[in-house]
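# Survey of secondary and tertiary structure
The primary structure of each chain is shown beneath.
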Amino acid sequence: MAGKTLFDKVWDAHVVEEIPGGPSVLYIDKHLVHEVTSPQAFAGIDARGMKVFRPENTVATPDHNVPTVDQHLTIHDELSRFQVNKLTENCENHGVPLYGLNHPYQGIVHVIGPELGITQPGMTIVCGDSHTSTHGAFGSVAFGIGTSEVEMVLTTQCILQPKPKKMRINVEGELRKGVTAKDIILYIISKISASGGTGYFIEYAGSAIRGLSMEGRMTICNMSIESGARGGLIAPDATTYEYIRGREFAPKGKEFDEAVSRWEQLKTDEGAVFDREITYDAADISPMITYGTNPGMGAKIEARIPTEADIEASGQNSFRKSLKYMGFEAGIPLEGIPVDFVFVGSCTNGRIEDLRTFASFVKGKKKADHVTAWIVPGSKQVEKQAIEEGIDRALKESGFELRQPGCSACLAMNDDKIPEGKLAVSTSNRNFEGRQGPGARTMLASPLTAAAVAVTGKVTDPSALIN
Amino acid sequence: MAIEKVNTIVSTAVPLSIENVDTDQIIPARFLKATTREGFGENLFRDWRYDKAGATREDFVLNQDAYSGTILVAGKNFGSGSSREHAAWAIYDYGFRVVVSSFFADIFKNNSLNNGLLPVQVSEEFLQKLFTTIEGDPSTEILVSLPDQVIRISGTDIEESFEINPYKKECLLNGYTDIDYLISIKDKIEAYEMHRN
């Protein structure tokens, strides 16, 4: 018999029922909830006169809409305040655990799940947010859902889902100097395109992936959706277990050891079949940046923006529209493009390792005068740790300031909007038109590249500037 | 929430020949602060329909009087990006009942089906034929039959069949929702929980 993939093992263990010719009824272990995609779902459950079915398997936090300064004050934006208050009210009515604003565990939902030990291997995890794929870094099946599905999970702890196809992407070999997890995933998406993963769940494997920290693995899985994939996952290993050990909601003592022996089974069997498999050589990957308006439009920083001749015919309209929006000429070198804003944060790169990377690069250097930089920790825990490690002081000495946690300029629902026409180098996940504010222009890159850009004030390959 | 039944739609169509239309374009994040499902149509494609001063952009297809109807025909990879169901709500609220493309993002497709908005996936070739025909004559009517799983340029034999999961087809034809189904099998869900503990 052919072996099973990691994805199959986790998915199959959660199927309550298969509907003939239809989707599977999939049981959800952990449901993460935030203020933007949940109010209509709670309204639906209230209209039925029902209660949340398994509040103990649910956890909520406000993140999309929260300010990143003066969080102790009332939120001044009326609609944001109403939405955040609505989350509190809904959680109270339904007994759902909530880490509200100013709670020591508040933060971006995909940052707090892992750091609190809520995210564990072998689980099914959903959230009304496409970057739920982040949690796949632990060998869980995690994906984003719509609000109707949020209502289904609140009401029954299940959703109906067609089983996706399976893809494996192997990255083998040693990464070059200055190349980080973010560069790996931007490279992959530039190869398979912003729709190449649609219909698939991706397993990332290979020695370069195994060599990454949990933070790096989360960055990779986080951006799976930017290739169109429902999610991505990585088999758990000793790095995973060491990360989980001792965290607030992780199993403790003997239970932890038992859990590890179960988690050790969570890997793709020899001979398991994937619908598609791709292997990349880690040595081919350079520091990457995007130049267009979808995450598939990425290139090596040392390269030039492609020309129309490089683009297939059906995509040329969109390519022209994209460059027009960005204000870039086709064929120009990326290095040296002047940058106005730098944003470090988000569920992609707002973890402690990202802040450490940024801070250690800028140490002893100064922020370029014309650059406005927003450095936003992913959670209260990340903020606390950054302060304990002296990262906030180091940033201040170089002309940077640490803000308070939230999604911030990644989607600009709060006040952190890049002004119209301004160009931002951002560690977040989407460079769509207007994503970081109406008319804002975004280039996606790693925290290391963001640090180099913040210091030079222009698009810069960091690899030449590090030892 | 119940959904409207879907059966056969005959309508003129609006051609949006842009690829990779993401959900941030369909409904920008700053309009996601509502706590109800209604009213999102007003801000559908907000930054393509209006300039920053709020003036109508005449070059955008939704603002051109020649085009109208309940069918939106869009370029490849429609609905990519954020999982916001507000995108499906906005399209529905604006008045569309069908979206045709050669490729849909997965979450958007699920969200559409859960709201009675029918995503019709056609070949790239057929899609280009639709664009050419509609742009050539905006009064062209398109027929979409869910029971027959066929999309046709009315009055011609230019047609293509489309796929839909049989369960989802049944739901749309009858106005059934997933949540009603899940509630109806709650005993099975509880049995599953018992069994795995």
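So, a few notes on the structure that sits alongside this text. Computed from a prediction, not measured in an experiment: that's the story for all the values here.

This part takes up the overall build of chain B. The secondary structure content of chain B amounts to 8 helices and 8 strands. Relative to the globule expectation of 16 Å for 197 residues, the C-alpha radius of gyration of chain B, 18 Å, shows essentially globular dimensions. Overall, the C-alpha framework of chain B stretches about 60 × 45 × 25 Å when taken along its three principal axes. Relative to its 197 residues, chain B shows a buried fraction of 57%. For chain B, the computed accessible surface area is about 8100 Å², with 47% contributed by carbon and sulfur atoms. Considering chain B, the positive charge centre built from 19 side chains and the negative charge centre built from 30 side chains are found 6 Å apart.

Turning our eyes to something else, we now look at the overall build of chain A. On a plain count of helices and strands, chain A comes out with 16 helices and 17 strands. In terms of overall size, chain A behaves like a compact globule, its C-alpha atoms giving a radius of gyration of 21 Å where 467 residues would be expected to give roughly 23 Å. If one aligns the C-alpha atoms of chain A with their principal axes, the spans along those axes are about 55 × 55 × 45 Å. By the burial criterion, 66% of the 467 residues in chain A qualify as buried.

The subject of this paragraph is the pattern of salt bridges. Tallied over the entire structure, the rule returns 32 salt bridges over all chains. For the salt bridge of A:Asp8 with A:Lys163, the shortest nitrogen-to-oxygen distance reads 2.9 Å. Highlighted residues: A:Asp8 in helix H1 (residues 6–12) and A:Lys163 in the loop between strand S7 (158–161) and strand S8 (165–172), separated in sequence by 155 residues. One salt bridge in this structure joins B:Glu159 and B:Arg152, with 2.8 Å as the shortest N-O distance. Because the salt bridges share partners, they merge into one network encompassing A:Lys4, A:Asp8, A:Asp12, A:Lys163 and A:Lys166.

All names here are of chain A. The parallel open sheet is built from 4 strands, whose spatial order is S10-S9-S8-S11. Looking along the sheet, the strands with just one partner apiece sit at the ends: strand S10 (231–233) and strand S11 (276–281). If you compare each strand with its neighbour and ignore which way they point, the axes differ by 20° on average.

As a further point, take the pairing of strand S17 (residues 441–444) of chain A. All names here are of chain A. Every second residue of S17 is oriented toward a common face, with Arg441 and Met443 on one face and Thr442 and Leu444 on the other, all of them buried. Direction of pairing for strand S16 (residues 423–426) relative to S17: parallel, over a ladder of 4 bridges. Within the sheet, the bridge partner assigned to Leu423 lies in S17 and is Arg441.

All names here are of chain A. Here we have 4 strands laid out as an open sheet, ordered S4-S3-S5-S6, and parallel in their pairing. Strands at the two margins of the open sheet, each flanked by one partner only, are strand S4 (58–60) and strand S6 (141–144). Averaged over neighbouring strand pairs, the angle between their axes works out to 15° when direction is ignored. Note: strand S3 (residues 30–33) against S4, 3 bridges, orientation parallel. Bridge pairing links Val33 to Ala60 in S4.

The next thing to look at is the packing of aromatic side chains. Under the criterion given, the structure shown has 20 aromatic pairs over all chains. A ring pair is formed by B:Trp48 and B:Phe60, whose centres lie 5.9 Å apart and whose planes are at 55°; its orientation type is tilted. Taken together, the residues B:Trp48 in helix H2 (residues 46–49) and B:Phe60 in the loop between H2 and strand S3 (71–74) connect sequence positions 12 residues apart. Judged by relative accessible area, which is 11%, B:Trp48 ranks as buried. Consider the rings of B:Tyr167 and B:Tyr181, whose centres lie 6.1 Å apart with planes at 70°: the pair is edge-to-face. Separated by 14 residues along the polypeptide, B:Tyr167 in helix H6 (residues 166–174) and B:Tyr181 in helix H7 (residues 178–184) bring together distant segments of the chain. Among the aromatic side chains, those forming a connected cluster through ring pairs are A:Phe7, A:Trp11, A:Phe143 and A:Phe201. The lysine or arginine in question, A:Lys365, covers the ring of A:Phe361, its NZ or CZ lying 4.2 Å from the ring centre. When the ring centre of B:Tyr92 is taken as origin, the NZ or CZ atom of B:Arg97, which lies over that ring, is 3.6 Å away.

Take the interface of chain A and chain B next. In many analyses, interface size is given as the accessible surface area lost on bringing the parts together. Opposite the 66 residues of chain A that make contact, chain B presents 53 residues. Carbon and sulfur atoms supply 55% of the area that chain A and chain B bury against each other, a total of about 5000 Å² over both sides. Where chain A touches chain B, the interface holds 8 salt bridges. Sorting the residues of the side of chain A that touches chain B by element identifies strand S1 (15–18), strand S2 (24–27), helix H2 (39–47), helix H3 (78–94), helix H5 (147–156), S7 and helix H11 (316–326) of chain A as the ones contributing at least two each. A class-by-class count of the residues in the side of chain A that touches chain B yields 25 nonpolar, 25 polar and 16 charged.

On to helix H6 (residues 181–192) of chain A. Residue and element names in this part refer to chain A. Taking 1.5 Å per residue, 12 residues should reach 16 Å; H6 reaches 17 Å between its end C-alpha atoms and fits that length. Buried residues dominate H6, accounting for 10 of its 12 residues. Looking at H6, one finds that the buried residues are Ala181, Lys182, Asp183, Ile184, Ile185, Leu186, Tyr187, Ile188, Ile189 and Ile192. Looking one or two places after H6, you find Ser193, whose phi comes out positive at around 80°.

Another aspect to go through is empty space enclosed by the protein. The tally for this structure, following the rule as stated, stands at 5 cavities of 30 Å³ or more. The volume enclosed by the largest cavity comes to roughly 210 Å³. If you trace the largest cavity, you find 24 residues lining it, with A:His64, A:Asp129, A:His131, A:Leu411 and A:Arg435 closest to the centre. Classifying every residue of the lining of the largest cavity by side-chain character gives 8 nonpolar, 11 polar and 5 charged. Considered as a void within the structure, the second largest cavity measures approximately 140 Å³ in volume. If you trace the second largest cavity, you find 15 residues lining it, with A:Ser148, B:Asn114, B:Thr177, B:Asp178 and B:Ile179 closest to the centre. Mapped by element, the contributors of at least two residues to the lining of the second largest cavity are H5 of chain A together with H6 and H7 of chain B. The residue makeup of the lining of the second largest cavity, split by class, is 8 nonpolar, 3 polar and 4 charged.

Take helix H8 (residues 214–222) of chain A next. For H8(A), the tally of buried residues reaches 9 of 9 residues, placing the bulk of the element in the interior. Buried within H8(A) we find A:Met214, A:Glu215, A:Gly216, A:Arg217, A:Met218, A:Thr219, A:Ile220, A:Cys221 and A:Asn222.

On to the environment of A:Glu308, then. All names here are of chain A. Topologically, Glu308 is positioned in the loop between strand S13 (298–300) and H11. Along the sequence, Glu308 and Glu203 sit 105 residues apart, while their C-alpha atoms lie 33 Å from each other. Leaving out residues up to four positions away in the same chain, Glu308 has contacts with Gln316, Phe319 and Arg320.

What counts, and where the lines are drawn
- Residues numbered from 1 in each chain as written.
- Chains lettered and ligands numbered in written order.
- Predicted model: local features only at pLDDT ≥ 70, side-chain atom pairs only at ≥ 80, totals over all residues.
- Heavy atoms only, no water.
- Helix = DSSP H or I, 4+ residues; strand = E, 2+ residues; numbered from the N terminus.
- Rg over C-alpha atoms; globule rule 2.2 N^0.38 Å.
- Buried < 20%, exposed > 50% of the residue type's maximum accessible area, 1.4 Å probe, protein only.
- Areas by Shrake-Rupley, 256 points an atom, 1.4 Å probe, with all protein chains shown as cover.
- Lys, Arg positive; Asp, Glu negative; His and termini not counted.
- Charge placed at Lys NZ, Arg CZ, Asp CG, Glu CD.
- Salt bridge = Lys/Arg side-chain N within 4 Å of Asp/Glu carboxyl O.
- Pairing = 2+ DSSP bridges.
- Axes fitted to C-alpha atoms, helices over the stretch in contact; angles between N-to-C directions.
- Phe/Tyr/Trp six-rings, centres within 6.5 Å; stacked < 30°, edge-to-face > 60°.
- Lys NZ or Arg CZ within 6 Å of the ring centre and 35° of its normal.
- Contact = heavy atoms within 4.5 Å.
- Buried area = accessible area lost by both parts, 1.4 Å probe.
- Nonpolar A, V, L, I, M, F, W, Y, C, P; charged D, E, K, R; others polar.
- Expected span 1.5 Å × (residues − 1).
- 1 Å grid on protein atoms, 1.4 Å probe; cavity = no way out; pocket = protein on both sides within 12 Å on 5 of 7 lines; lining within 4 Å.
- Points joined across faces, edges and corners; volume = space filled by probe spheres on them.

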